[in-house]
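Here's the letter readout for the chains.
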Amino acid sequence: MQPYVYERHALTEPDWRRFPGWADVTRDQWESAQWQRAHCVKNIAQLRAVLGDLVTDTFYDDLAADQAHHATMSMLIPPQMINTMVPGAAPTDDTLRADPIRRYMLPVAGDRLTEWPSHPYATRDSLHEHDMWVAEGLTHRYPTKVLAELLSTCPQYCGHCTRMDLVGNNTPTVTKLKLVSKPADRHEAMLTYLRAHPGVRDVVVSGGDVANLPWHQLESFLMQLLAIDTIRDIRLATKALMGLPQHWLQPTVVEGLERVARTAARRGVNLAIHTHVNHAQSLTPLVAKAAHTALEVGVRDVRNQGVLMRGVNATAEALLDLCFALQGEAGILPYYFYMCDMIPNAEHWRVPVWQAQQLQHDIMGYLPGYATPRIVCDVPYVGKRWVHMVTEYDRERGISYWTKNYRTSIEDDDTQLDRTYPYYDPIDTLPKTGADWWRKEHAE
């Protein structure tokens, strides 16, 4: 028998009526974006109203402790996402704790590591995107590509968010960076920069999540981008395609997306949607319908950028199950799996470089080549690197070293191209001698 045996699984929409709080919710309500947004779970009291007595006070107390002392993201979960937790039955304490979607969308204190919950070199803006702003919200990190953060909110907040410094509401442990300019002024400043820098050809339009921007504002920004001759690629970043597919199925959004797609096609610009699915459980018929609808109205590709996380998807079986569901059932191209970034309180999710390399090895040969995702390490000041591109690797201390072939917008000489840049494995994954070295180096 092969190490992994493929078996096709048709997508199903779990029955939301298994939750006491949604026992009387109709299909029309469930498929309404307005209903989904209005019934997002934002606090423990609202979660209790949905789950009722299916889980005990022990779980809620563990969740409260995490919210008070560890969480870098406030609670905001659409019903669609909650419904993919423990999809085949009413949840219990044990099944909910073990659920992969719960583990990153609804972290509890018991998930976190007691020693080294944060790496000593973890930072709030671990990729230094804010440092590379050339206009408010516009990160010019790569020579030909920029990231346009149009807003700082999402329809849902993921515990591992790499932009936890900016995105979402304050938590008891994190006071967020705030965008200060008016949206119209901020967007115009971005466009002004892009008009003045013809070397930029690729714009990732993100946030936050573009699904939280009123459609007329997003369409206006995209049409102005398309009017810049040097822009050749536009990627819309939206986890909501999976977490709130009802948004992308609204007639006003579908019709607007078709207008943008037609304009992009006439201009020869590649328009794509990038979403963020971390586990096969998240893929349902509504998600597939949203993805297929985007393709039908002219979006060139819908691609997935997942994050590799312990307890969620860090096995070959979980990754392959997800990739086959994405590609074969939902029309979404598996594209990247990022190693989880070095933000505070994320060590229980992160995997070491050697494990990411092993996973890349183990998923090869099963999927079509064009649908085999690359596992990448996003190295601070360097950018995305395939996990096998490491230059040096001290496995004992968990320190890998990486090189780069370009300068960011905050670097102006060649010395950055002649050095190596470090990245750090989670300390709890190191051999005892390596962990002891870190304890000595960072003794309080």
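As shown above, the structure is provided for reference.
Residues numbered from 1 in each chain as written. Predicted model: local features only at pLDDT ≥ 70, side-chain atom pairs only at ≥ 80, totals over all residues. Heavy atoms only, no water.

> Can you break down the sheet that holds strand β13 (residues 421-424) residue by residue, with the values?
Judged by pairing direction, the sheet is antiparallel, and its 3 strands sit side by side in the order β11-β12-β13 without closing on themselves. Since the sheet does not close on itself, it has two edges, and those belong to β11 (392-394) and β13, each with one partner. Across this sheet, the average inter-strand angle for adjacent strands is 20°, counted without regard to direction. As judged from the 4 bridges shared by strand β12 (residues 399-402) and β13, these two strands associate in the antiparallel manner. (Pairing = 2+ DSSP bridges. Helix = DSSP H or I, 4+ residues; strand = E, 2+ residues; numbered from the N terminus. Axes fitted to C-alpha atoms, helices over the stretch in contact; angles between N-to-C directions.)

> Account for the packing of helix α3 (residues 44-51) against helix α4 (residues 57-69), naming residues and giving values.
At a minimum axis separation of 11 Å, α3 and α4 run at an interaxial angle of 155°. Judged by the angle between their axes, α3 and α4 are roughly antiparallel. By crossing handedness, the relation of α3 to α4 is classed as right-handed. Each of I44, L47, R48 and L51 in α3 lies in contact with α4, whose residues at this interface are D57, F59, Y60, L63 and A64. Taken together, the residues that form the contact of α3 with α4 break down as 7 nonpolar, no polar and 2 charged. (Parallel < 35°, antiparallel > 145°, perpendicular 65-115°, else oblique. Left-handed = near helix turned anticlockwise from the far one by under 90°. Contact = heavy atoms within 4.5 Å. Nonpolar A, V, L, I, M, F, W, Y, C, P; charged D, E, K, R; others polar.)

> Account for the pattern of salt bridges, with residues named and values stated.
Enumeration over the complete set of coordinates arrives at 25 salt bridges. Linking D66 and R112 is a salt bridge whose minimum nitrogen-to-oxygen distance equals 2.8 Å. Placement of the pair is D66 in helix α4 and R112 in the loop between α7 (100-105) and β1 (133-135), with a sequence separation of 46 residues. A relative accessible area of 0% places D66 in the buried class. (Salt bridge = Lys/Arg side-chain N within 4 Å of Asp/Glu carboxyl O. Buried < 20%, exposed > 50% of the residue type's maximum accessible area, 1.4 Å probe, protein only.)

> Kindly report on the nonpolar core, identifying the contributing residues and their values.
Counting 136 residues, the largest nonpolar core has Y104, V205, L225, I234, W248 and L283 as the members making the most contacts within it. Element by element, the count of residues in this core is highest for helix α14 (residues 316-330), at 8 residues. (Core = buried A, V, L, I, M, F, W, Y, C linked by side-chain atoms within 4.5 Å.)

> Give a detailed account of the packing of aromatic side chains, specifying residues and quantitative values.
The geometry of an aromatic ring pair comes down to the distance between the two centres and the angle between the two planes. Evaluated as defined, the whole model comprises 16 aromatic pairs. Taken together through their ring pairs, the aromatic side chains of W16, F19, W22, W30 and W35 make up a single cluster. When the ring centre of Y335 is taken as reference, the NZ or CZ atom of R303 above it lies at 5.8 Å. (Phe/Tyr/Trp six-rings, centres within 6.5 Å; stacked < 30°, edge-to-face > 60°. Lys NZ or Arg CZ within 6 Å of the ring centre and 35° of its normal.)

> Go over unusual backbone geometry, please, and point to the residues and values.
Cis geometry marks the peptide bond from G207 to G208, where omega comes out at 20°. Along the chain, G208 turns up in the loop between β4 (202-206) and α9 (215-226). A positive phi is found at H128, a non-glycine position, where the angle reads about 60°. Topologically, H128 is positioned in the loop between α7 and β1. For Y381, which is not glycine, the phi dihedral falls at a positive 70°. Inspection of the secondary structure puts Y381 in the loop between β9 (374-379) and β10 (383-386). Taking relative accessible area as the criterion, Y381 reaches 28% and is therefore assigned partly exposed.

> So what's going on with the pairing of β12? Residues and values would help.
Pairing of β11 with β12, which is carried by 3 bridges, proceeds in the antiparallel orientation. Within β12, the residue paired with D394 across the bridge is I399.

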